[in-house]
Amino acid sequence: MSSTTISGKPAVRRPLTPATARFLMIGMLMAIIVAIGALVADRFLRPANLANVFEQATDLALVALGQSLTVLTGGIDLSVGSLISLLSVLTSGLIDGNGAMVLPVCAGVILLGVLVGTLNGCGVVLLKIHPLIVTLGMGAVLQGVALLYTRSPVGGIPDGFDSIAYGRIGGLSVGGIAVLLIFVAVAVLLRRTATGRAIYAVGDDRHAATLLGLKVRRVTILVYAASGLFSALTAIYLVARFGSGQPYTGADYTLSSVTPVVVGGIVLSGGRGNVLGTLLGAYLLALLNNLLNFLHVPTQIQLVAEGLIIMAAVAVHVEREKRA
Amino acid sequence: MAKRLPLLCCIAAYCVGAHQAFARGYEGAPRTELFNPALTSCIRDTATYKKAPPYVIGFSNAGLGDSWRVVALDEIKQGAQDHKDVIKKLIITDAGHDDAKQVSDVQDLVSQGVDLLIVSANTEKALDPVVTRAMKRGIPVIMLDRRIASDHFVTYVNASDPMMGRLWAQWIVEKLHGKGNIVILAGQAGSSPSENRMNPALEIFKQYPDIHILDTVYSDWSPVKAKQVMQAVIAKYGHSINAVWSAHGLQVPGSIEAFREAGFKPGEIPMHTTADVNGPLKMAVQYKVPMLEVGDPPAQYRLAIGVALKVLSGAPVPCVVTVNSQIAVTPGDETPSVKGDLPFKDMIVPNGADDMLITNDLGPDYTPSTAHIEYPH
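These numbers come from a predicted model, not from an experiment. (Residues numbered from 1 in each chain as written. Chains lettered and ligands numbered in written order. Predicted model: local features only at pLDDT ≥ 70, side-chain atom pairs only at ≥ 80, totals over all residues.)

### Notes on the interface of chain A and chain B
Then, in step 1: Contact with chain A, which involves 27 residues of that partner, is made by 26 residues of chain B.
Then, in step 2: At the level of secondary structure, the elements contributing two or more residues to the side of chain A that touches chain B comprise α2 (47–56), α11 (216–242) and α14 (275–294) of chain A.
Then, in step 3: Taken together, the residues that form the side of chain A that touches chain B break down as eight nonpolar, 13 polar and six charged. (Contact = placed C-beta atoms within 7 Å. Helix = DSSP H or I, 4+ residues; strand = E, 2+ residues; numbered from the N terminus. Nonpolar A, V, L, I, M, F, W, Y, C, P; charged D, E, K, R; others polar.)

Encoded structure:
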């Protein structure tokens with residue numbers, strides 16, 4: 001039976017855009033997790049627990065935002081983990097509990113993050129080397145520098161600095177709210193500005209983008225610089241959360257930063273996807289980990305469950321792409 | 001005397017719990033308490049945490065990954081099983097040695113409404129803020145084996161890392177008559193057992209101007225990584241290495257293997273320090289390596305459950321609860337300051353696996369790979 005409009009003409013059912021379909025899929029998965037959580041533990045749906053999940057997604061979401069931008073141009077940034085490690089030890093080591101040093105050190109760390117990202121971008125466009133190789137090499141250099149600086153946790157933070165991670169506004173984490181706003185701002189910039197549209201164009205077809213007169217090199221350097229910026233912000237956030245910087249603190253983020261990107265529906269070959277999907281992907285993973293802790297599932301099984309979710313998310317996406 | 005009474009009661013209670021399944025050596029009260037030169041000891045009042053059973057206890061584990069931690073996990077399960085009449089549930093999380101995950105784990109355990117938290121911190125600084133916050137919310141926290149940097153917890157159950165570190169260092173210094181070259185084979189950078197054994201040891205070494213630290217390398221408690229890092233160190237310094245100060249026994253087999261593969265004959269391999277693991281003791285005899293064993297018994301995990309119940313009953317507890325470390329030295333290698341509690345050969349389980357922990361208290365038939373410990377969960 002076909003539906004009709006008031007005027008009697010057959011309704012034209014617009015197909016869901018890939019981004020909408022992806023959002024719906026992540027939303028559905030989150031709803032399933034919430035339903036299971038509510039069934040097994042009466043404390044799962046308490047605001048305090050959901051606020052914890054919101055907070056726990058912050059670091060991964062932030063580093064994955066930078067990764068999303070590089071992936072949108074068809075690239076990847078494998079230096080993020082080492083950059084976070086280096087910047088975290090520099091942040092806590094240079095602040096060393098001195099409140100007066102917070103602003104200059106954070107500013108310097110952000111600048112350094114952008115500089116390293118810019119170098120990555122320059123390496124990709126000027127040397128014409130695959131971003132995987134350039135950023136992998138940069139990652140090794142940065143990890144070495146971090147270990148030259150310190151081989152164990154270093155420095156400390158002054159009172160109040162930890163409110164970046166643990167402070168609450170209306171029951172929600174300050175860092176979490178800030179990251180949510182940053183994501184919305186980046187999503188708007190990507191859609192509404194010429195540079196944002198150029199990022200998609202470069203990822204979709206670099207050659208065509210060049211023929212269209214887009215500044216492909218500048219766009220590529222820009223996304224890697226942005227990735228460096230978000231890695232720096234992640235490092236500062238982690239120092240606030242842990243109270244100090246550690247030379248291996250970012251190691252796990254190198255590959256895990258790709259997970260919310262993929263789960264959120266950004267195509268690894270570039271040009272398609274929405275950064276808000278990445279944010280939802282990070283929330284989904286945090287919610288999943290929280291549920292598995294409530295279910296008392298051992299870590300080994302948690303890793304398997306996370307892997308299966310990623311594979312399922314990608315498989316559904318690939319299937320939709322084929323149908324399209 | 002009245003001031004001392006709670007301490008003596010605590011000591012008496014805890015030394016009962018500190019028993020061993022294998023060779024028996026020193027079984028008295030914890031020496032760290034008896035030898036404490038302070039006029040008063042730190043005792044924590046826990047009256048505010050008093051609750052009626054049954055209890056839900058949360059345990060946030062730093063991670064597994066080596067045989068010591070596998071056995072320790074079974075010990076804490078056994079501890080809960082020992083007290084299943086008052087423990088309704090022991091909820092265990094495992095952070096896989098990831099600070100970010102462990103911070104989330106602690107938050108999730110608090111969300112689940114645990115009555116008490118036991119935390120074995122992956123690194124001592126990273127877990128500090130979240131543990132401090134749990135305490136501020138009124139949830140008593142017991143640090144187990146790996147502490148946080150601050151003192152924001154009720155008590156710390158361990159085997160006295162500083163004592164182990166100092167004993168190993170003092171033994172090396174005396175064996176070398178105050179002159180020689182040492183390699184520090186540490187554990188995991190930033191973990192409290194590694195840092196809190198190494199730093200007191202370094203203080204000892206610094207007192208002897210002719211003792212030189214050639215290099216400090218991290219093994220991550222792994223014999224495989226220890227072998228890699230020691231191969232590089234041996235290639236650089238060769239026979240000028242006089243002693244290897246190792247922060248535990250887990251990494252020692254890798255170090256000794258590296259010396260053997262570098263051509264060191266039995267009797268030529270420099271002295272090593274070790275703890276808990278059967279393999280290094282067997283290798284010490286086989287390759288004539290002078291060795292000092294100071295135990296770090298995983299039985300402390302079982303003991304932690306008993307301490308948790310004391311806290312929840314409102315009884316005072318020492319700020320630091322230590323389990324006894326058995327000391328054994330290879331024959332002829334005792335020094336003026338370091339004597340064994342029992343013969344070295346009695347510590348070895350000849351037919352036992354190399355990675356067997358000789359200091360567990362789960363019984364002679366216990367095998368980590370096949371054991372299934374029932375516990376309330």
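### Focus: the environment of A:Ile110
All names here are of chain A.
Then, in step 1: Topologically, isoleucine 110 is positioned in helix α5 (residues 102–126).
Then, in step 2: Overall, the presence of 19 C-beta atoms within 10 Å leaves isoleucine 110 in the partly exposed class.
Then, in step 3: Taking the C-alpha atoms as reference points, isoleucine 110 and leucine 181, separated by 71 residues in sequence, lie 18 Å from one another.
Then, in step 4: Contacts of isoleucine 110, omitting those with residues within four sequence positions, involve Leu229 and Ala232. (Buried ≥ 20, exposed ≤ 12 C-beta atoms within 10 Å, placed from the backbone.)

### Describing the sheet that holds strand β10 (residues 271–274) of chain B
Strands in a sheet are paired, the pairing made by backbone hydrogen bonds, and the direction either parallel or antiparallel.
Residue and element names in this part refer to chain B.
Then, in step 1: Taken together, the six strands give an open sheet; going across it, the order is β8-β7-β9-β10-β11-β14, and neighbouring strands pair in mixed fashion. Two strands lie at the open edges of the sheet, namely β8 (211–218) and β14 (327–329), each paired on one side alone. Adjacent strand axes in the sheet meet at a mean angle of 15°, parallel and antiparallel pairs treated alike.
Then, in step 2: With four bridges connecting them, strand β7 (residues 180–186) and strand β9 (residues 243–246) associate as parallel partners. Note on β9: the bridge partner recorded for isoleucine 182 is alanine 243. (Pairing = 2+ DSSP bridges. Axes fitted to C-alpha atoms, helices over the stretch in contact; angles between N-to-C directions.)

### A few points about unusual backbone geometry
All names here are of chain B.
Then, in step 1: Cis rather than trans, the peptide bond between proline 53 and proline 54 has omega equal to 5°.
Then, in step 2: You can see proline 54 is positioned in the loop between β1 (43–44) and β2 (55–61).
Then, in step 3: Notably, aspartate 145 is not glycine yet its phi reads approximately 70°, a positive angle.
Then, in step 4: The residue serine 160 is not glycine, and still its phi comes out positive at about 60°.
Then, in step 5: Residue class for serine 160 comes out buried when judged on the 23 C-beta atoms lying within 10 Å of it.

### A short note on the confidence of the model for chain A
Low-pLDDT portions of the prediction should not be read for the details of their coordinates.
Then, in step 1: Confidence along chain A averages 90 in pLDDT terms, with 93% of residues attaining 70 or more.
Then, in step 2: Confidence drops under a pLDDT of 50 for residues 1–5 of chain A, and excluding neighbours within four residues, the segment shows six contacts in the predicted structure. (pLDDT = per-residue confidence, 0-100.)

### Here we look at the sheet that holds β2(B)
Residues and elements named next belong to chain B.
Then, in step 1: Strand order across the open sheet formed by six strands is β3-β2-β4-β5-β6-β13, with parallel pairing between neighbours. Edge positions in the sheet fall to β3 (87–94) and β13 (320–322), since each has one partner strand and no second. The average angle at which neighbouring strand axes cross in this sheet is 20°, direction not considered.
Then, in step 2: Examined bridge by bridge, strand β5 (residues 141–144) and strand β6 (residues 155–158) share three bridges and lie parallel to one another. By the bridge assignment, isoleucine 142 is partnered in β6 with threonine 155.

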